[in-house]
Amino acid sequence: MKYVIGISSDQINSVATLVDTTGLIHAHYYEYNFSHVVGDRSWPYQAIEACKRHINQQDDVTYVYHERPWRKFFRRTWHNFKDRKQHYDQARKIKEFPGLEFIDHEISQATAACVMSPYMQCQWINIDLAGEWAGASWGIFDRENGAQVHETINYPNSPTMFLYAMTKWLGLTPNMNATMLEEIALTGQPRMYHLLTKMLKIDQNGVMHSPSDMSHSIEYYLGRDYNLSDYVDWCASVYYVYSDMIYSLVKHVISVSKQPEWPMVLTGIGAQNGYMIRHLIQKDIIPRLWLPTDPTDGANSLGAAFAYLKQYNTPNQSTFVGNRISEKGEISTLLLREVTAALSNNKVVAWIQDNLPMSSRTLGQCSLLASPTSIKNTEKINKINKKHNLINVHACALGVYAEDVYRGKILNYRHNPVSVRNTEVFEGLTNEPDSCYVHKVYQDQPSLYKLLNHWYDVTNHPVLLCQDWLTTDQTPITTRKTAVTQFSYSDDIDILVIGNTMYTKEEKPGLDDQKYYIESRDFSNYDRNINRLFNVSE
């Protein structure tokens, strides 16, 4: 059988994806799953080998890269001539991989987002930083012809370049600290909006005409320092200007589109910006908006594979096709009761079930769960993941009841911050207004869907606190051994559930290296035995 392995590297995360000629996704691995390096951008040797373990030795495999390395080399050299040797070595190393095929960056990104969307045809906007040359691009997609590019905004005029440079000016690291800046911005007022718009040359289509060294221009115009008392408002102003630029861009795309009634898919690193997404929703300019689970370059490996195959349909009806830590099988009813009882008593549960999504986030499949009725639970989860700021809260809710808990439109895969209706009941969801990110749960997450239904039956609350569970080096949990080890050394996680196995712990003074004694219970045969006892057909 013929297969394609799509490869993405030299970006935020390196990824390999295995797809066959029918469009079926067999595997999707991040390199950090194996290296345990946050944001591992190196060539994904281990992820590629993991994909190859899913196929036979005699199978025909084609390797496809998500962009054109030499085009990117010229853009990088134009921007930073002194590092040309480093950029040349990176491009040459990629080109030397035997038999490697190449797809344009924006085509890879748009294809990845649109193929996994629910639409047969749609418009798309890629809000990137730089890509190969295109800082932003847009076009249309249909299942017959794939993604077509209509217009581009070339580097360095992308809106995200402004956000990148301002993040550096505010003393944070772009990409790595983007979420922190967004959380701060949610609490401020955009008092410096007019100062920033005066500095930038932005046309009516949201296109910024900037010099190649945006960071130097900002320092020249604003100086190298700022008043710390204004820091929060600076963050809010930066995000408000950025959101307005994207809004103008979306307006332009809709005005020139031949199919303005088609739904829209947003992708690129800008599409994971919750502040900007909320801004678009409030403007109510896009009636049907879709965002992929991973809008960044981490999904480009998937898009490269589909674009090379010219196959734009997939039998996969869900984005949850990543690697699996738990064993296969239906979750036990008794286990759901035990977990619900623990959550009712304000216990923190580490929950690992089913396949991970095609995203660097786990979306409830490998997460920390707790009751949303107490702010102390939020503090405990943030402490476990070493998040000391208590602004950004993540939750999961039954899709059909999510609007009963939150105000405003909720998009798929918790991209936009929303506010909570009943702050007295759901104390754990509210630290700041419009600061909770909620993920709607449906039946493509069977175990979590059943748990939320059981939790709703018992408490009448269709929502749980739900934060990705990370290792001490801030990478997701990827193996059962790592999960049990992390659990055994944590003072704040009360129960670990992997598949149908529940782990509990008891403090045992005198143990050499381990503070707790771990016990496990297997619930996998409980439902089957009950059915036999009462003669219920299996």
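Here, the structure is the one placed above.
Here we summarise the structure given alongside this text.

Our next topic: the sheet that holds strand 3 (residues 25-30). Taken in spatial order, the five strands of this open sheet run 3-2-1-4-5, and their pairing is mixed. Where the open sheet ends on each side, the last strands, each with one partner, are strand 3 and strand 5 (100-102). Shown here is a sheet whose adjacent strand axes are inclined to one another by a mean of 25°, direction ignored. One ladder, built from six bridges, connects strand 1 (residues 2-8) with strand 4 (residues 60-65); its direction is parallel. Opposite lysine 2, over in strand 4, you have aspartate 60 as the bridge partner. Where helix 12 (residues 300-309) meets the sheet, it contacts strand 1, strand 2 (15-20), strand 3, strand 4 and strand 5, and its direction lies at approximately 35° from that of strand 2.

Attention now moves to the nonpolar core. Counting residues in hydrophobic clusters, the biggest one holds 50 residues, and the most contacted among them are Ile125, Phe162, Leu170, Leu196, Leu266 and Leu280. The element contributing the most residues to this core is helix 10 (residues 231-256), with 13 residues. Discounting residues that sit within four places of it in the chain, leucine 196 has contacts with Phe162, Met166, Leu222, Trp234, Ser237, Val238 and Val241. In terms of nonpolar packing, the next biggest core, distinct from the first, is built from 35 residues, Ile325, Ala350, Ile410 and Trp469 among them.

On to unusual backbone geometry. For asparagine 346, which is not glycine, the phi torsion reads 60° and is therefore positive. Within the element layout of this structure, asparagine 346 appears in the loop between helix 13 (333-344) and strand 11 (349-352). Its relative accessible area of 31% is what places asparagine 346 among the partly exposed residues. For leucine 363, which is not a glycine, the phi torsion comes out positive at approximately 50°. With respect to the helices, strands and loops of the structure, leucine 363 is situated in the loop between strand 11 and strand 12 (366-370).

Burial of the side chains of strand 11 extends over both faces: Val349 and Trp351 are buried on one face and Ala350 and Ile352 on the other. With four bridges connecting them, strand 11 and strand 12 associate as antiparallel partners. Directly across from isoleucine 352, in strand 12, lies its bridge partner cysteine 366. The sheet contact formed by strand 11 and strand 18 (residues 495-498) spans four bridges and is parallel. Along strand 18, the bridge assignment pairs alanine 350 with leucine 496.

On to the side chain of serine 490. Inspection of the secondary structure puts serine 490 in the loop between helix 17 (480-489) and strand 18. Assessed through its relative accessible area of 12%, serine 490 is described here as buried. Separated by 3.3 Å, the side chain of serine 490 and the backbone nitrogen of aspartate 492 make a polar contact. When sequence neighbours within four positions are dropped, the list of residues in contact with serine 490 reads Ile384, Lys505 and Tyr516.

On to the environment of serine 108. Within the element layout of this structure, serine 108 appears in helix 5 (residues 105-115). Between the C-alpha atoms of serine 108 and tyrosine 65, which are 43 residues apart in sequence, the distance is 9.0 Å. Apart from the residues within four sequence positions on either side, serine 108 is in contact with His66, Ile103, Asn300, Gly303 and Ala304.

This brings us to the packing of aromatic side chains. For the coordinates displayed, the defined rule picks out 18 aromatic pairs. Measuring from ring centre to ring centre gives 5.1 Å for tryptophan 43 and phenylalanine 97, while their planes differ by 45°; the resulting arrangement is tilted. Taken as a pair, tryptophan 43 in the loop between helix 1 (32-35) and helix 2 (45-52) and phenylalanine 97 in the loop between helix 4 (84-95) and strand 5 lie far apart in primary sequence, 54 residues in all. With relative accessibility at 9%, the residue tryptophan 43 sits in the buried group. Residue classification places phenylalanine 97 among the buried residues on the basis of a relative accessible area of 17%. Judged by centre distance (5.3 Å) and plane angle (75°), the ring pair of tyrosine 63 and phenylalanine 97 falls under edge-to-face. In this pair, tyrosine 63 is assigned in strand 4 and phenylalanine 97 in the loop between helix 4 and strand 5, connecting sequence segments 34 residues apart. Here tyrosine 63 matches phenylalanine 97 in class, with each residue buried.

Basis of the calculations
- All chains use their own residue numbering, which begins from 1 and follows the written sequence.
- A pLDDT threshold of at least 70 governs which residues receive local features in this predicted model, and a stricter bar of 80 or more applies before side-chain atom pairs are shown or counted, although totals over entire chains, interfaces and linings include all residues.
- Only hydrogens and water are set aside when side-chain values are computed; all heavy atoms of the structure are taken into account.
- Whether two strands pair depends on DSSP finding at least two bridges between them.
- For the purposes of this entry, the term helix denotes a DSSP run of H or I that reaches at least four residues, the term strand denotes a run of E that reaches at least two, and both are numbered from the N terminus.
- For helices, the fitted axis covers only the stretch in contact; all axes are lines through C-alpha atoms, and the angles between them, taken along N-to-C directions, range from 0 to 180 degrees.
- Residue contacts are defined here by distance: any two heavy atoms, one from each residue, within 4.5 Å place the two residues in contact.
- Buried residues of nine kinds, namely Ala, Val, Leu, Ile, Met, Phe, Trp, Tyr and Cys, make up a nonpolar core once their side-chain atoms join them within 4.5 Å.
- To sort residues, take the accessible area from a 1.4 Å probe on protein chains only and compare it with the maximum for the residue type: under 20% means buried, over 50% means exposed, and anything in between is partly exposed.
- The definition of a polar contact used here is a pair of N or O atoms within 3.5 Å, where within protein one atom must be able to donate a hydrogen and the other to accept one, and adjacent residues in sequence count solely through side-chain atom pairs.
- Pairing of aromatic rings covers Phe, Tyr and Trp, the last counted by its six-membered ring, and requires centre-to-centre distances within 6.5 Å; plane angles under 30 degrees mean stacked, over 60 mean edge-to-face, and any other angle means tilted.

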